[in-house]
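# Report on the structure
As a plain string of letters, each chain reads:
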Amino acid sequence: MKIAVLADVHANLAAFRAVIADIEQWQPDTVIIAGDIINRGPQPRPCLELALQMQAERGWHVLRGNHEGYILSYDHDLNTGHPPQGGQRVLHGPIIWTHQEVVDLLPQIKALPTSLALATPRGTVMVYHGSIHHDRDGLLPSHSQLELQAKIDSEAAVFCTAHTHMPFTRWVGQTLVVNVGSVGLPFDGDWRVAYARLTLDQHGWQAQIVRVPYDRAATLHAARAVMVPACGPIAQIMVRELEMARSFLFDFVPVYYDPVIAGKISADEAVHRFLADLDRMPATAPARATAPSLLMP
């Protein structure tokens with residue numbers, strides 16, 4: 001039995017197409033997309049349409065992640081007359097633009113499940129975007145066994161997760177824990193697509209993290225040409241994340257989010273200062289082993 005699990009496409013169409021081609025060559029029995037197909041990248045609608053197409057035509061399982069949740073939350077705020085204003089609206093530029101791009105597909109997004117339990121001859125394969133507690137509660141390579149144990153369902157034979165963009169595999173008790181990494185926005189310093197191959201044979205479950213190159217130049221061009229003008233200054237940090245395969249918004253938010261909201265500094269100036277500080281950092285600075293946060297503390 002072979003299962004492919006991928007996640008965190010983040011509107012990166014070239015990366016999505018590359019992973020689909022690799023998966024089709026491997027020919028698994030089941031394919032699962034564990035959320036965050038849209039937002040934070042330049043091609044949300046084509047990526048969402050492609051995921052829904054794979055679901056309809058090939059039976060792929062498609063889950064909803066926290067970034068789909070951001071779009072649904074913004075739609076709710078918009079419909080109830082409480083959309084973000086001022087500095088908050090500027091910082092939420094990617095969410096607002098993505099919402100505009102996929103607004104007619106919101107019913108399909110809302111219908112997506114947030115987890116999956118797949119029965120197999122050797123136990124249940126459970127897939128969550130984050131943990132059993134929340135879709136923003138990520139599992140990291142740096143977590144201890146006890147920390148991981150508190151975030152998974154120990155009844156699972158295999159527990160797959162995503163969200164942190166930091167792939168790893170580890171046994172926690174009798175459960176094989178697999179963070180499948182990110183298709184479109186890795187944060188471990190390796191820009192290539194990451195996804196997981198699960199294999200069940202006579203020895204039990206095994207997991208492999210696969211890395212696949214893609215046309216990153218095409219995505220960077222689209223990000224600069226489309227996303228930056230459409231989404232505002234915060235998109236410049238997202239482009240830098242694509243370039244460096246590192247998480248930078250996590251560092252930006254605690255320092256600049258509240259001052260921008262309070263009107264103490266403009267979003268443009270905040271991003272300018274942040275990127276200037278980033279350029280002064282050593283090029284060999286390690287990847288942040290931490291869960292990415294979009295624009296919310």
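Residues numbered from 1 in each chain as written. Predicted model: local features only at pLDDT ≥ 70, side-chain atom pairs only at ≥ 80, totals over all residues. Heavy atoms only, no water.

Let us look at the overall build of the protein. When helices and strands are counted, the protein shows 11 helices and 10 strands. Computed over the C-alpha atoms, the radius of gyration of the protein is 19 Å, within 12% of the 19 Å expected from 2.2 N^0.38 for a compact globule of 297 residues. Principal-axis analysis of the C-alpha atoms places the extent of the protein at approximately 60 × 45 × 35 Å. Buried positions account for 57% of the 297 residues belonging to the protein. Residue pairs in contact within the protein that sit at least 24 positions apart in sequence constitute 68% of those at least 6 positions apart. Carbon together with sulfur atoms contributes 51% to the accessible area of the protein, which is approximately 12,400 Å² in total. In the protein, 23 side chains carry a positive charge and 29 a negative one; their mean positions are 3 Å apart. (Helix = DSSP H or I, 4+ residues; strand = E, 2+ residues; numbered from the N terminus. Rg over C-alpha atoms; globule rule 2.2 N^0.38 Å. Buried < 20%, exposed > 50% of the residue type's maximum accessible area, 1.4 Å probe, protein only. Contact = heavy atoms within 4.5 Å. Areas by Shrake-Rupley, 256 points an atom, 1.4 Å probe, with all protein chains shown as cover. Lys, Arg positive; Asp, Glu negative; His and termini not counted. Charge placed at Lys NZ, Arg CZ, Asp CG, Glu CD.)

Once that is clear, we can look at the sheet that holds strand β10 (residues 204–212). If you walk across this open sheet you meet the 5 strands as β3-β2-β1-β9-β10, and the pairing is mixed. Edge positions in the sheet fall to β3 (61–62) and β10, since each has one partner strand and no second. Those strands touched by helix α1 (residues 13–26) are β1 (2–6), β2 (30–33), β9 (193–201) and β10, and its axis lies near 20 degrees from that of β9. (Pairing = 2+ DSSP bridges. Axes fitted to C-alpha atoms, helices over the stretch in contact; angles between N-to-C directions.)

Bringing helix α9 (residues 234–244) into the picture now. Along α9, 8 of the 11 residues are buried, which leaves the element largely enclosed by surrounding structure. Among the residues making up α9, those that are buried are Ile234, Ala235, Ile237, Met238, Val239, Arg240, Glu241 and Leu242. The inward-facing, buried residues of α9 abut α4 (86–91), α5 (93–102), α8 (216–231), α10 (249–261) and α11 (267–279). After α9 finishes, the residue Ala245 shows a positive phi value of roughly 55 degrees.

This next bit is on the sheet that holds strand β7 (residues 168–172). Here we have 5 strands laid out as an open sheet, ordered β4-β5-β6-β8-β7, and mixed in their pairing. Each having just a single partner strand, β4 (115–120) and β7 make up the two edges of the open sheet. Sheet twist, expressed as the mean angle between neighbouring strand axes with direction ignored, is 15 degrees. Both strand β5 (residues 123–128) and strand β6 (residues 158–161) contribute to a ladder of 3 bridges, which runs parallel. Bridge pairing links Val127 to Cys160 in β6.

Attention now goes to helix α3 (residues 66–79). Three- or four-residue spacings in an α-helix give side chains the same orientation, since the helix completes a turn every 3.6 residues. Over its 14 residues, α3 runs 20 Å from end to end, which matches the ideal 20 Å to within 8%, given 1.5 Å per residue. Asn66, His67, Glu68, Gly69, Tyr70, Ile71, Leu72, Tyr74 and Asp75 are the residues of α3 that are buried. The inward-facing, buried residues of α3 abut α4, α5 and α6 (106–110). (Expected span 1.5 Å × (residues − 1).)

On to the confidence of the model for the protein, then. Overall, the predicted model of the protein reaches an average pLDDT of 94, with 95% of residues at or above 70. In this model residues 289–297 is a low-confidence stretch, pLDDT under 50, and it forms 40 contacts with partners more than four residues away in sequence or in other chains. (pLDDT = per-residue confidence, 0-100.)

Moving on, we get to the environment of Gln27. Topologically, Gln27 is positioned in the loop between α1 and β2. C-alpha separation for the pair Gln27 and Thr80, spaced 53 residues apart in sequence, amounts to 45 Å.

Moving on, we come to unusual backbone geometry. For Asp8, which is not glycine, the phi torsion reads 55 degrees and is therefore positive. Although it is not a glycine, His165 adopts a positive phi angle of roughly 65 degrees. Mapped onto the fold, His165 is located in the loop between β6 and β7.

So, about the environment of Pro259. The topology assignment puts Pro259 in helix α10. A relative accessible area of 22% means that Pro259 is categorised as partly exposed. Linking Pro259 and Asp190, residues 69 residues apart in sequence, is a C-alpha distance of 32 Å. Among residues more than four places away in sequence, those in contact with Pro259 are Lys264 and Ile265.

As for its placement among the helices and strands, Ser182 is situated in the loop between β8 (175–179) and β9. Of the polar contacts made by the side chain of Ser182, one reaches the backbone nitrogen of Gly184; its length is 3.4 Å. Ser182 has contacts with Ala7, Asp8, His165, Arg192, Val193 and Ala194, leaving out every residue within four places of it along the chain. (Polar contact = N/O pair within 3.5 Å; in protein donor to acceptor, adjacent residues only side chain to side chain.)

Scanning the entire structure with this criterion turns up 4 aromatic pairs. Summarising the aromatic geometry, the rings of Tyr128 and Phe159 are spaced 5.3 Å apart at their centres and angled 15 degrees between planes, so their arrangement reads as stacked. Here Tyr128 is found in strand β5, whereas its partner Phe159 is found in strand β6, with 31 residues between them in sequence. Just as Tyr128 is buried, Phe159 falls in that class too. With centroids separated by 5.6 Å and ring planes inclined at 65 degrees, the aromatic side chains of Trp191 and Tyr214 adopt a geometry described as edge-to-face. Taken as a pair, Trp191 in the loop between β8 and β9 and Tyr214 in the loop between β10 and α8 lie far apart in primary sequence, 23 residues in all. A network of ring pairs unites the aromatic residues Phe252, Tyr256 and Phe274 as a single cluster. (Phe/Tyr/Trp six-rings, centres within 6.5 Å; stacked < 30°, edge-to-face > 60°.)

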